[in-house]
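# Commentary on secondary and tertiary structure
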Amino acid sequence: MDEELLSQLDDAAEGFIGRLRLNDGFDEPALDELCRQIDRLGQQWRTSEVIPKSAALILSELYPAISACADLYSGDEHQRMIEAAVRVGERVIFALDPAGEPEM
């Protein structure tokens, strides 16, 4: 796998989750970019039997990190983050198992 693509996934993850961890609020464009990066790498993995451990590590941390950050917020912001965690989780599943379709 191209290291630059993996770096872009990592940057997109940090771009969204980093702001949440700093209590800087929900960044919808950053979430959209993270989802685009997951989808793009998923396209490359459609015919692969394996993915790099570094990619698996990033992907495995996304849902729990976003969910944990949701606890820093209340009300609508909290709910948006829970929904974002689900959206990202679904995209990760689709990227690894192309039998389904991601929700947009």
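Before going into details, it helps to say that this report is about the structure given with it. Throughout, a residue's number is its position along its own chain's written sequence, starting from 1. Local features in a predicted model are, by the rule used here, given only for residues with pLDDT of at least 70; side-chain atom pairs are given and counted only at 80 or more, and totals for whole chains, interfaces and linings are based on all residues. Hydrogens and water are ignored here; the side-chain numbers use all heavy atoms of the structure.

Strands are runs of DSSP state E lasting at least 2 residues, helices are runs of H or I lasting at least 4, and numbering of each runs from the N terminus. Helix and strand counts for the protein come out as 4 helices and 0 strands. Walking the protein from its N terminus toward its C terminus, one meets helices and strands in the order α-α-α-α. Atoms counted for the radius of gyration: C-alpha only. Globule rule: 2.2 Å times residue count to the power 0.38. Relative to the 2.2 N^0.38 estimate, which gives 13 Å for 104 residues, the radius of gyration of the protein is 13 Å and therefore close to what a compact globule would have. Principal axes of the C-alpha set define a box for the protein whose edges measure 40 × 25 × 20 Å. Each residue's exposure class comes from its accessible area (1.4 Å probe, protein chains only) as a fraction of the maximum for that residue type: buried when under 20%, exposed when over 50%, partly exposed otherwise. Put simply, the protein has 104 residues, and 39% of those count as buried. Here, two residues are considered to be in contact whenever any of their heavy atoms come within 4.5 Å of each other. Considering only contacts within the protein whose residues lie at least 6 apart along the sequence, 66% involve residues at least 24 apart. Accessibility throughout is a Shrake-Rupley quantity obtained with a 1.4 Å probe, and a residue counts as covered only by protein chains that appear here. Summed over all atoms, the accessible surface of the protein reaches about 6,000 Å², with 51% contributed by carbon and sulfur. We treat Lys and Arg as the positive residues and Asp and Glu as the negative residues; His and chain ends play no part in the count. Charge coordinates come from a single atom per side chain, which is NZ of Lys, CZ of Arg, CG of Asp or CD of Glu. Charged side chains in the protein number 9 positive and 22 negative. The centres of these two groups are separated by 1 Å.

Another point: the nonpolar core. Note that soluble globular proteins tend to have their nonpolar side chains buried in a common cluster. Counting 31 residues, the largest nonpolar core has Leu9, Phe16, Leu34, Ile38, Leu62, Ile66 and Val88 as the members making the most contacts within it. Elements with a contribution of two residues or more to this core: helix 1 (3–21), helix 2 (28–45), helix 3 (53–70) and helix 4 (75–96). Sequence-distant contacts of Leu9, defined by excluding residues within four places in its chain, comprise Leu34, Gln37, Ile38, Leu41, Ile58 and Leu59. Nine residue types can take part in a nonpolar core, namely buried Ala, Val, Leu, Ile, Met, Phe, Trp, Tyr and Cys, and a core is a set of them joined through side-chain atoms within 4.5 Å.

We define a salt bridge as a contact between a side-chain nitrogen of Lys or Arg and a carboxyl oxygen of Asp or Glu at a distance within 4 Å. What the rule picks out here adds up to 7 salt bridges. The partner of Arg19 in a salt bridge is Asp27, and the shortest N-O contact between them spans 3.4 Å. As a salt-bridge pair, Glu33 and Arg36 come within 3.0 Å of each other at their nearest N and O atoms. One end of the pair is Glu33 and the other is Arg36, both in helix 2 and 3 residues apart, which spans about a single turn. For Glu33, a relative accessible area of 28% gives the class partly exposed. When its relative accessible area of 46% is taken as the criterion, Arg36 is described as partly exposed. Three or more residues joined by partner-sharing salt bridges are found here, namely Glu28, Asp32, Glu77, Arg80 and Arg87.

Now for the environment of Arg87. Tracing the sequence through the fold places Arg87 in helix 4. Given the relative accessible area of 21%, Arg87 is considered partly exposed. A sequence separation of 52 residues divides Arg87 from Cys35, and the C-alpha atoms of the two residues are 8.2 Å apart. The contacts of Arg87, once residues within four sequence positions are left out, are Glu28, Leu31, Asp32 and Cys35.

Attention now moves to helix 3. Multiplying 1.5 Å by the residue count of a helix minus one yields the expected span of that helix. Taking 1.5 Å per residue as the helical rise, helix 3 with its 18 residues ought to reach 26 Å, and the 27 Å between its terminal C-alpha atoms agrees with that figure. Here the bend at each residue means the angle between axes fitted to two seven-residue stretches, the one ending at that residue and the one beginning there. Its maximal kink placed at Leu62, helix 3 deviates by approximately 35°, while the proline Pro64 follows within four residues. Within the sequence span of helix 3, burial applies to Ala55, Ile58, Leu59, Leu62, Ala65, Ile66, Ser67, Cys69 and Ala70. In this structure, the buried residues of helix 3 make contact with helix 1, helix 2 and helix 4.

To count as a disulfide, a pair of cysteine sulfur atoms needs to be within 2.5 Å. Going through the model one piece at a time under the given rule, you end up with 0 disulfides. No disulfide involves Cys35; its sulfur sits 15 Å from that of Cys69, the nearest cysteine. Note on Cys35: relative accessible area 1%, which makes it buried. Its relative accessible area of 4% is what places Cys69 among the buried residues.

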